[in-house]
Amino acid sequence: MPLASLFCLVVAISDGDTLTARCGPPGAYQQVKVRIAAIDAPESRQAFGQKSRQHLAQLCFRQRATLQPVDEDSYGRMVAQVRCGGTDVATAQVRAGMAWVYTPYASHYPHLAPLQRSAQAQHAGLWSQKRPLAPWDYRHPAAPLTPSNARHERAHCEALPTLDCSPAQQSLASGLPPFGPIACLLYTSDAADDLLCV
């Protein structure tokens, strides 16, 4: 059963996917740190980190927000679907090229992947960079591909079933290294060669 929606006032913006809201009745306010569900925005020190934060501030700062809690993250933040002034914040951030779709939850938000592809095609926001670096790669630089993390990468890839790896596959076929937000890695094991989309 989904948790009840909270009606709040946004009082702070941490970055492009995290805000602080004041919720509850007057005199009994509670401040809640909220991670916006289904997106991952550039980190503050990363390219487009400040622009993403500013875009979220334009959408939500000092605005009434509706929070639909869906989870709690490992940092104790509420993960929620957020609407500010009637605008779905995850949709707005992805459409403007200010955040990536967070692939582990992408299947629960199928409308976001086409918006991300459209932002990429239009070179909107962070997609105007030659080689945008996903925030999860910024936080945790890639480890060499091994059989154990290859299974993780496959699961990560399968979260976006409509992923088109053909540009990266063409790069591999032509001998060029794949790059950009979508890359295909050739993993060779004793059993078989697998092409992983990440």
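All values reported here derive from a predicted model rather than from experimental measurement.

Caption draft 1: Main features of the pairing of strand β1 (residues 6-15). Pairing of β1 with strand β5 (residues 64-72), which is carried by four bridges, proceeds in the antiparallel orientation. The residue of β5 that forms the bridge with Leu6 is Leu67. Pairing of β1 with strand β2 (residues 18-23), which is carried by six bridges, proceeds in the antiparallel orientation. Residue pairing across strands places Cys8 opposite Cys23, the latter belonging to β2. Hairpin remark: β1 followed by β2, antiparallel, with two residues in the connecting loop.

Caption draft 2: The arrangement of the state of the cysteines in detail. Enumeration over the complete set of coordinates arrives at two disulfides. A sulfur-sulfur distance of 2.0 Å marks the disulfide that ties Cys8 to Cys23. Between Cys8 and Cys23 the sulfur-sulfur dihedral comes to about 100°; the bridge is accordingly right-handed. Here Cys8 is found in strand β1, whereas its partner Cys23 is found in strand β2, with 15 residues between them in sequence. The same class applies to Cys8 and to Cys23, which are both buried. A disulfide bridge connects Cys60 with Cys84, and the sulfur atoms are separated by 2.2 Å.

Caption draft 3: Seen up close, the side chain of Arg77. Here Arg77 shows up in the loop between β5 and β6 (78-84). When residues no more than four places from it in sequence are discounted, the contact partners of Arg77 are Thr18, Lys33, Arg35, Asp71 and Glu72.

Caption draft 4: Structural detail: the pattern of salt bridges. Scanning the model with the defined rule gives five salt bridges in all. Across the pair Asp73 and Arg77 runs a salt bridge, and its minimum N-O distance is 2.6 Å. Judged by its relative accessible area of 17%, Asp73 is buried. On the basis of relative accessibility, which here comes to 17%, the residue Arg77 falls in the buried class. Connected through salt bridges with shared partners, the residues Asp17, Arg35, Asp40, Glu43 and Arg139 form a single ionic network.

Thresholds applied
Each chain has its residues counted from 1, following the order in which its sequence is written. Given that the model is predicted, a residue must reach a pLDDT of at least 70 before its local features are reported, and side-chain atom pairs must reach 80 or more before they are shown or counted; all residues, however, enter totals for whole chains, interfaces and linings. As a rule here, side-chain values cover all heavy atoms of the structure and leave hydrogens and water aside. Any two strands with at least two DSSP-identified bridges between them are counted as paired. Each helix corresponds to a stretch of at least 4 residues labelled H or I by DSSP, and each strand to a stretch of at least 2 residues labelled E; elements are numbered beginning at the N terminus. Two cysteine sulfurs form a disulfide in these notes if their separation is within 2.5 Å. Note on classification: 1.4 Å probe, protein chains only; a residue is buried when its accessible area is under 20% of the maximum for its type, exposed when over 50%, partly exposed between these limits. We call two residues in contact when some of their heavy atoms are within 4.5 Å. When a carboxyl oxygen of Asp or Glu lies within 4 Å of a side-chain nitrogen of Lys or Arg, that pair is called a salt bridge.

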